[in-house]
Each structure stands twice: as structure tokens, then as C-alpha cells.
Amino acid sequence: MGKIFYQEDCELSLLQGKTIAIIGYGSQGHAHAKNLKDSGCEVIIGLYAGSKSWAKAEAEGFAVYESAEAAKKADIIMILINDEKQAKMYKENIAPNLQAGNMLMFAHGFNINFGLIKPPADVDVTMIAPKGPGHTVRSEYLAGKGVPCLIAVEQDATGQAQQLALAYALGIGGARAGVLETTFKTETETDLFGEQAVLCGGVCALMQAGFETLVEAGYDPKNAYFECIHEMKLIVDLIYQSGFAGMRYSVSNTAEYGDYVTGPKIITEDTKKAMKQILADIQDGTFAKDFLADMSESGGQVHFNAMRRKAAAHPAEVIGEEIRQLYSWNGDDKLINN
């Protein structure tokens, strides 16, 4: 089991006198930058020329530079752009401007784990990965709390890599909740597996299949949406708060009984075999290779965009848009856009 660090294990003062460059100002980027700034750190933003985020970051009080210049000015460089864009950006903008003793940081291990970015031996390479989206990293910080983070040290050139990374975790609020020690390899493989087999791929496919089954049996699509998609949040929130047992305590006996007898009929040994193959494809780099080929300039994201269009056209999406109009929170798109 990895060690869990808390506020008392972190020294924010280690960041004093250091300039932190946040590369990217999207969901995670804006949250890290604002939290660090509010914690008293010196923060600059690195973006590409013409970025739509440039004016926004300046309006929110940050000095903004092209990524190469930001890297040159910084002691700590946190890369918070899309996985598929990191290697090219690193090679062109960061690598030529790294200085011995700098710390290169990531919030996901993808590019380091699969060897797409290979830093020089004289810099620290660490990861602080908040286990929540950027808007939550920011809102929890403002509430005096924090989002739990993972910490990993791939390379300790200075002898202070872990301590500096923990200071960063405190700066963004993560140490208020807890910072779990891991490795780049473990974080990358478990994160990709969780997204694909359970959180995104598994859950969306399960809800969609349930919706389709009811509609094909002649039930109103609105009923199908409510029962198989809308109410997922209720169940997940209960699990989030008190685990499977707490969720089962809160639902009806009918629902709990159905959980026990039907769950194993849906998630079978064949499902587990498929999950094991998914994990194997992640571990041996097959998924990364396929993903990067599709997302490359030559690949043109053709397959990715086709899958996106197909998913968006599913009847559950059409019905869902109508159902969501019934709720007071409809139109509040900050969770998506920030």
C-alpha cells in the first residue's frame, strides 16, 4: 500500500523563490494556476501563440508567454495539455529550455510511461494527479478543502523531488485531503483501465444497452432514460458517500435483492476476460499506439471523430436532452466548458 501524505508532511515554503510555469489553461491548468497563486506561489502560464485561453489567463491576473519562453523562465514546469499533444510540444518548446535542477511535472503518466517524453537525467520528474476534474480542484480549494491527489517520482535529480512535489500538492489544495504515493506506471495503467472498462466505456455502454433493451421491448424512451441513465447519479452519489453497503442500505429491498441476483448475470466471467484483455492492451502499449495513430496529423482523428458523431446521434442523447430541460440545473454548462 502506498503512503498517504497530508498537510503536515508538506512544506509550501519550498516553492518560495521558484517560478512555476503551468503549460495549458484548460480544466486542470486554470485550477492549478489559480490555487497556486492563491497559496502565494509565483505562477506564469505557457500557451501556444493564438491560444483562445491567452486573453482569459491574462484577464485572471497571470503573465502569459509562449510555452518555450515560459519554460525558460520557470524552475518548475507542469504540463497540463492533452496527452496526444505533449510529446511534440515538449520536444519543440520545453526540452531546449530545461536547465539542470528544474522540475518537470505531469498530472498523468501517459507520456513518461510509454517513453514518448524522455527528460534529461539532471531534472526532477514528478507527478501530482488530482483525482477530480479541474472545476472541482478549484471549488474544493475555495471551500477550504481539497481533492485527493496521487504523487509519483520518476526521477530525483535534486534529492528534493518528492518534497517539492508535495509542496505543489499542498499549493493546489490536494494535501488537505490526502496525497497517495504511487508510480508513473501504476497511475497510467490503472487510470486508463478505469476509464475504459468502468468509468466511461463500461458505464456508458451499460446504460446505453439498458436503454436500448427497454425501448426495443416497447417502453417509452423517456421511461427508459429515467430508469437506466438519469438515476445513475443517485446510485453513484450514494456509493461515493458510503460505499456499496451504504448504497444498498439506502435503496429498497427489492433493488438490493435484484442487485445481488442480477449483477453477476450482467458482469460475467466473459466480461472479466474482456477486462483482462483491455488491461493487457494498456500494459503492452497497444492502446497507446492505436490512440496516438488515430490522433496524429496523418491519422487526422478520422476514427475518433466518427465514433464521436455516432455516439452523439444515439437516441438516448436525443431523449436525454429533452429530459434534462425539466431540471433547474439545465443550461449550467460550466462543468463542461471549464
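Here is a short report on the structure shown in this document.

## Details of the pattern of salt bridges
By the definition in use, this model includes nine salt bridges. Put simply, K185 and E189 hold a salt bridge, and the shortest N to O gap is 2.8 Å. Residue K185 and its partner E189 are both found in helix 9 (residues 184–199); the two are separated by four residues, about one turn of the helix. One salt bridge connects K222 with E322, and the closest N-O pair in it is separated by 3.7 Å. With K222 in helix 11 (residues 221–230) and E322 in helix 17 (residues 315–324), this residue pair connects regions lying 100 residues apart in the sequence. By relative accessible area, K222 is classed as partly exposed at 33%. Its relative accessible area of 41% is what places E322 among the partly exposed residues.

## Digging into the packing of helix 9 against helix 14 (residues 269–283)
One can describe the packing of helix 9 onto helix 14 by two numbers: an axis separation of 10 Å at closest approach and a directional angle of 140 degrees. Overall, the two elements helix 9 and helix 14 adopt an arrangement that is oblique. As helix 9 packs across helix 14, the resulting crossing turns out to be right-handed. Contact with helix 9, carried on its side by E189, L192, F193, Q196, A197 and V198, involves M275, I278, L279, I282 and Q283 of helix 14 and no other residues of that element.

## Some points on the pairing of strand 8 (residues 149–155)
In the case of a regular strand, side chains alternate between the two sheet surfaces. Pairing of strand 7 (residues 124–130) with strand 8 involves six bridges; the strand directions are antiparallel. For T126, the partnering residue across the bridge sits in strand 8 and is V153. Strand direction decides the pairing type here: strand 8 and strand 9 (residues 179–181), joined by three bridges, are parallel. From the neighbouring strand, C149 faces strand 9, where its bridge partner is V179.

## Things to note about the environment of G299
Here G299 lies in the loop between helix 15 (286–295) and helix 16 (302–312). Assessed through its relative accessible area of 23%, G299 is described here as partly exposed. Contacts of G299, omitting those with residues within four sequence positions, involve A293 and D294.

## Considering the packing of aromatic side chains
For the structure shown, the criterion picks out five aromatic pairs. Both rings, one in F110 and one in F114, keep their centres 5.1 Å apart while their planes meet at 70 degrees; by these two values the pair is edge-to-face. Among the aromatic residues, ring-to-ring pairing joins F110, F114, F287 and F291 into one connected group. The positively charged end of K37 is found above the aromatic ring belonging to F62, 4.9 Å away from the centroid. Over the aromatic face of Y141 sits the side chain of R176, whose NZ or CZ is 4.3 Å from the ring centroid.

Definitions and cut-offs
- Residues numbered from 1 in each chain as written.
- Predicted model: local features only at pLDDT ≥ 70, side-chain atom pairs only at ≥ 80, totals over all residues.
- Heavy atoms only, no water.
- Salt bridge = Lys/Arg side-chain N within 4 Å of Asp/Glu carboxyl O.
- Helix = DSSP H or I, 4+ residues; strand = E, 2+ residues; numbered from the N terminus.
- Buried < 20%, exposed > 50% of the residue type's maximum accessible area, 1.4 Å probe, protein only.
- Axes fitted to C-alpha atoms, helices over the stretch in contact; angles between N-to-C directions.
- Parallel < 35°, antiparallel > 145°, perpendicular 65-115°, else oblique.
- Left-handed = near helix turned anticlockwise from the far one by under 90°.
- Contact = heavy atoms within 4.5 Å.
- Pairing = 2+ DSSP bridges.
- Phe/Tyr/Trp six-rings, centres within 6.5 Å; stacked < 30°, edge-to-face > 60°.
- Lys NZ or Arg CZ within 6 Å of the ring centre and 35° of its normal.

Function-wise, these values are silent; they only describe arrangement.
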